[in-house]
Amino acid sequence: MRTRAGRHALVASLFALWLAGRAAVPASADQPDEPRPPLEFVPPEPGTYELHRIMRAPEGRVLTVDGRVEALSRFTRERITLLGFIYTSCMDPEGCPLAYRVFGRLKDEIEAHPALRDEVQLVSLSFDPARDSPSVMKRYAGSRLEEDRGLRWFFLTTRSVEDLLPLVEGFGQDVRYSEDRSTGLPVRQLSHVLKVFLIDRAGYVREIYTSTFLHPRSIMGDIETLLMEQRSEGDPARSATSAR
Amino acid sequence: MRLVDLRFLSRAIPAAAAVAVLLAAPLVHGDETCNSPYIAKLIKGQEDYVYVWTLGVEGLGDGWDKLVTVDVDPKSKTYGKVLSQVPVGTRGEAHHMGFTDDRRQIWAGGLDGSDVYVFDIATDPARPRLLKTIKDLAAKTGFIGPHTYYALPGRMLVQALSNTKDKGGVTGMALYNNQGDFIASYPMPVGNGGDGYAYDLAVNPTKNALLTSSFTGHANYMRPLGELIKDEAAMKRFGNTMVVWDLKAMKPKQVMAVPGAPLEIRWSLVPGANWAVTAAALTSKLWLVEQDAKGQWQAKEVATIGDPAKIPLPVDISITRDGKGLWVNTFMDGMTRYFDLSDPHAPKQTYEKHTGRQLNMISQSWDGKRVYITSSLLANWDKAGPDNEQFLRGFTWDGKELTPAFEVDFTREKLGRAHHMKLGSKVLRTAYAAPRR
């Protein structure tokens, strides 16, 4: 039976090979990085920079598409996690739909390399418990949910605002109350700025992407950086503890 | 309190769904033209408040450094009046401040020490409150004199001016999360052209570029100005560089020679633009920093501000949202100048007005129609006697003339020396706090 550290080393090696292969064919700063406009810079090489432990990912209760209550940590530990808050009714093309497209692209890229499937997972967590019931989230997920053999992509919501608040506050995901100044009347409207959180296996937020940095290429580089760190440090939970 | 908040949010979410689309606001470049591009919300219409980070003056009021909130909505009954003040219980050369990316907090600090004050401005934007004081900057980094507070996603990058060892100008940056926990520090480069000095920082995310400028250390900026300028050796200890960093890696890439203490940095906010401007205080020159066709960054002098022989001391600049205009305040002569930046390689002054006996910061609204000016540079550098005016002055700008709109006399109000400004809005109340009506 292969040890965890050994498995990490193997995966990191395969991942490095895969990236090397990519580099030989498409990846350059001026090439389209769909679904985003091309990056206007060459990102630093994976492993040449540090992703700091920004904060611990918060814990809380979430609902799966099957209506089960689970701890969020069940979906944010043991693998590298990309988590984004969404509303299923979000219309802004640079907001939630962008995150969905980028996640879809990442899923496809990672699935093309089976060794990575068990190292990464995606989480879309709704802000809007009043509208986004488990069944709504199931519809939102569409065919992505059926792809059992691929990369895990969880579509989660919460039972209530009471359950949601510790999560949005813990992640620092702002939700704003607003007013319509043109009419002088209080029009209650919520808005948020798109953020996607990269969480390591030990549950630490290691990067926060806004739309500018939400590029599959940058994210894949960061995933590789974390995999290389895991390989060099062994058990990520131990290394996280020792670093604090 | 929490129950009230929860009830409000419970009501607000379905109401939002019924009344309006729930927005996922994209990142927008620039704030009210000079803040971090990661700031969540622009005030594109009329701002309601100007927050003024104010140096305490011994014997004037409580004497403490304080955050002063002024009503600047012309339709308000309290227009031009002080709404609140939050003293921090110390007097430590209050200087600059900055919003967190979610615009829920203002971080501010003093150049005489290393404490960083965190104010909540989201619960009640008209009445900020002091949330906490971060006290570990010097212990964690060896840096003192926190100056620039720059929002990154979920984090604040703090640029210091000095250090604990010799209180000179060799210093660095510190990274905190929005909860105020220290994450990392980054020393300014020394050697290979780097002088280790620092002042401002500003980010161009699309270029993965962080740009820093350079001033001087505690040993200089805390000395009386008249005494300092006679000290030839001390006057050599000012920064003469700007540094381009790889933002993602937080590693210095290029050191550029920009003599004369380059201070505030303003990136063009036009999408795709690849240039920034700064003003060198001691030489009274505008400099352009631009990426060339090979991807290298170049700095070049592009304009003169006033008569450099008279040392007008440009102390703040404010770029228009279209990148075609630049306000410049000069401390010594009290002049506010406007430069046409249509060609950033050859800015041309098109307007000037004497707006005070001493001037420091200048901020403009997003639409450029309102301009705010304060008076204080540093406690020991401000003028004396009648020239020591301390104020916040509001002006309207029609493209041709600055017209006075209101003034708050910070001495008469027993507030102190008015320094840095940030704009606020009552509509930027967070959803977590119930509106009190």
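What you are looking at is a predicted structure, and each value in this text was computed from that prediction instead of being measured. (Residues numbered from 1 in each chain as written. Chains lettered and ligands numbered in written order. Predicted model: local features only at pLDDT ≥ 70, side-chain atom pairs only at ≥ 80, totals over all residues. Heavy atoms only, no water.)

**Details of the overall build of chain B**
To keep things clear, this is the line we draw: For the purposes of this entry, the term helix denotes a DSSP run of H or I that reaches at least four residues, the term strand denotes a run of E that reaches at least two, and both are numbered from the N terminus. Contacts: residue pairs with any heavy atoms within 4.5 Å of one another. All accessible-area figures derive from a Shrake-Rupley calculation using a 1.4 Å probe, and residue coverage is judged against the displayed protein chains alone.
Within chain B one finds five helices and 31 strands. Considering only contacts within chain B whose residues lie at least 6 apart along the sequence, 55% involve residues at least 24 apart. In the structure as shown, chain B presents an accessible area of about 15400 Å², 51% of it carried by carbon and sulfur atoms.

**Some words on the overall build of chain A**
As a reminder, the rule being used: Accessibility here uses a 1.4 Å probe with only protein chains present; expressed as a share of the type maximum, an area under 20% marks a residue as buried, one over 50% as exposed, and anything in between as partly exposed.
Within chain A one finds seven helices and ten strands. Residue burial in chain A is summarised as follows: out of 244 residues, 59% are buried. Considering only contacts in chain A between residues 6 or more positions apart, those separated by 24 or more positions represent 74%. About 9900 Å² of surface is accessible on chain A, with carbon and sulfur atoms providing 52% of the total.

**Considering the pairing of strand 5 (residues 94–99) of chain B**
Residue and element names in this part refer to chain B. As a reminder, the rule being used: Only strands joined by at least two bridges in the DSSP assignment are considered to pair.
Counting buried positions over the six residues of strand 5 gives six, a clear majority of the element. Bridge count between strand 5 and strand 6 (residues 105–110): four bridges; the pairing is antiparallel. Its bridge partner lying in strand 6, G98 is registered against W107. Two successive antiparallel strands, strand 5 and strand 6, enclose a turn made up of five residues, where R103 displays a positive phi of approximately 60°.

**Points about the sheet that holds strand 10 (residues 204–209) of chain A**
Residue and element names in this part refer to chain A. To keep things clear, this is the line we draw: Here an angle of 0 to 180 degrees is reported between the N-to-C directions of two axes, which are lines fitted to C-alpha atoms, with helices fitted over the stretch in contact.
Strand order in the open sheet formed by six strands is 1-10-9-4-5-6, with mixed pairing between adjacent strands. Two strands lie at the open edges of the sheet, namely strand 1 (55–56) and strand 6 (152–156), each paired on one side alone. Across five bridges, strand 5 (residues 120–126) lies against strand 6 in parallel orientation. Residue pairing across strands places S124 opposite F155, the latter belonging to strand 6. Sitting on the sheet, helix 4 (residues 134–141) touches strand 4 (80–86), strand 5 and strand 6, and the angle it makes with strand 6 is about 140°.

**Considerations on the side chain of T158 of chain A**
All names here are of chain A. Following the sequence through the fold, T158 ends up in the loop between strand 6 and helix 5 (161–171). Given a relative accessible area of 2%, T158 falls into the buried group. In this structure T158 touches R61, V62, L63, P129, D163, L164 and L167, once residues within four positions along its chain are discounted.

**What to know about the packing of aromatic side chains**
Residues and elements named next belong to chain A. This is how it is decided: When the centres of two rings from Phe, Tyr and Trp lie within 6.5 Å, Trp using its six-membered ring, the rings pair. Their planes under 30 degrees apart give stacked, over 60 give edge-to-face, and anything left gives tilted.
Evaluation of the coordinates by the stated rule reveals 28 aromatic pairs over all chains. With a centroid separation of 4.8 Å and 40° between ring planes, the pair formed by Y87 and F127 is classed as tilted. Here F127 lies in the loop between strand 5 and helix 4 and Y87 lies in the loop between strand 4 and helix 2 (96–111), a separation of 40 residues in the sequence. We note that Y87, like F127, is buried.

**Some thoughts on the sheet that holds strand 18 (residues 251–257) of chain B**
Residue and element names in this part refer to chain B. Pairing is antiparallel across the open sheet formed by four strands, whose spatial order is 15-16-17-18. If you trace the sheet from one side to the other, it starts and ends with strand 15 (201–204) and strand 18, each paired once. Looking at each pair of strands side by side, their axes are set apart by 20° on average, direction ignored. The sheet contact formed by strand 17 (residues 241–246) and strand 18 spans six bridges and is antiparallel. Pairing of M242 across the sheet is with M256, part of strand 18.

**Description of the pattern of salt bridges**
Opposite charge on two side chains allows them to pair when their charged atoms are near. All names here are of chain A. Condition: Any Lys or Arg side-chain nitrogen located within 4 Å of an Asp or Glu carboxyl oxygen qualifies as a salt bridge.
Scanning the entire structure with this criterion turns up 37 salt bridges over all chains. Close ionic contact of R53 with E229 constitutes a salt bridge, the shortest N to O distance being 3.5 Å. Of this pair, R53 sits in the loop between helix 1 (4–24) and strand 1 while E229 is found in helix 6 (residues 216–233), placing the two residues 176 residues apart along the sequence. You'll find R53 and E229 in the same group, each marked buried. Residue R68 is joined to E70 by a salt bridge in which the shortest nitrogen-to-oxygen separation is 3.1 Å. Among the residues examined, R68 registers a relative accessible area of 36% and is labelled partly exposed. Salt bridges sharing partners connect three or more residues here, namely R53, D200, R206, E229 and E233.

**Description of the packing of helix 2 of chain A against helix 6 of chain A**
The geometry of a pair of packed helices is captured by two quantities: the angle between their axes and the separation between those axes. Residues and elements named next belong to chain A. Condition: Note on terminology: angles under 35 degrees are roughly parallel, angles over 145 are roughly antiparallel, angles of 65 to 115 are roughly perpendicular, and the others are oblique. Note on convention: the crossing is left-handed when the near helix lies turned anticlockwise from the far helix by less than a right angle, right-handed when the turn is clockwise. Side-chain classes are defined by residue name, with Ala, Val, Leu, Ile, Met, Phe, Trp, Tyr, Cys and Pro counting as nonpolar, Asp, Glu, Lys and Arg as charged, and the others, Gly among them, as polar.
Interhelical geometry of helix 2 versus helix 6 gives an angle of 55° and a closest axis separation of 10 Å. Relative to helix 6, the element helix 2 lies oblique. For the pair helix 2 and helix 6, the crossing hand works out as right-handed. Facing V102, R105, L106, E109 and I110 of helix 2, the residues of helix 6 in contact are P216, I219, M220 and I223. Counted by class, the contact of helix 2 with helix 6 contains seven nonpolar, no polar and two charged residues.

**Things to note about the nonpolar core**
We count it as follows: Residue types Ala, Val, Leu, Ile, Met, Phe, Trp, Tyr and Cys, when buried and joined through side-chain atoms within 4.5 Å, form a set referred to as a nonpolar core.
Counting residues in hydrophobic clusters, the biggest one holds 93 residues, and the most contacted among them are L82, F171 and I223 of chain A together with L157 of chain B. Top contributing element to this core by residue count: helix 2 of chain A, with seven residues. Setting aside anything within four residues of it in sequence, one finds F171 of chain A in contact with M55, A57, P58, L72, L83, F85, F197, I199 and V205 of chain A. If you look at the next biggest cluster of nonpolar residues, it comprises 28 residues, including Y49, A108, V116 and Y117 of chain B.

**Some remarks on the pairing of strand 11 (residues 172–177) of chain B**
Residues and elements named next belong to chain B. In terms of residue burial, strand 11 counts as a mostly covered element, since six of its six residues are buried. One ladder, built from five bridges, connects strand 10 (residues 155–163) with strand 11; its direction is antiparallel. Across the sheet, the residue bridging to V158 is A174, located in strand 11. In the sheet, strand 11 pairs with strand 12 (residues 182–187) via five bridges, with the strands oriented antiparallel.

**Some thoughts on the environment of P189 of chain B**
All names here are of chain B. The residue P189 is located in the loop between strand 12 and strand 13 (190–191) in this model. Taking C-alpha positions, P189 is 6.9 Å from P252, a pair spaced 63 residues apart along the chain. If we ignore the near neighbours within four places in the chain, the residues touching P189 are G194, D195, G196, V243, W245, P252 and V255.

**A closer look at helix 4 of chain A**
Residues and elements named next belong to chain A. Put simply, the rule is: The arc refers to the directions leading from the helix axis to the C-beta atoms.
Among the residues of helix 4, P134, V136, M137 and A141 are the ones counted as buried. In an axial view of helix 4, the angular spread of the buried residues amounts to 160°, which keeps them on one side of the axis. Phi for G142, located one or two positions after helix 4, is positive at around 60°.

**Overview of the confidence of the model for chain B**
Residue and element names in this part refer to chain B. The line we're drawing: Confidence of the prediction at every residue is given by pLDDT, a number between 0 and 100.
Summary statistics for chain B give a mean pLDDT of 90 and a share of 90% for residues scoring 70 or more. Predicted confidence is poor over residues 1–31, with pLDDT under 50, and the contacts of this stretch with residues over four places away or in other chains come to 93 contacts. Here residues 432–437 scores under 50 on pLDDT; set against residues more than four positions off or in separate chains, the count is 23 contacts.

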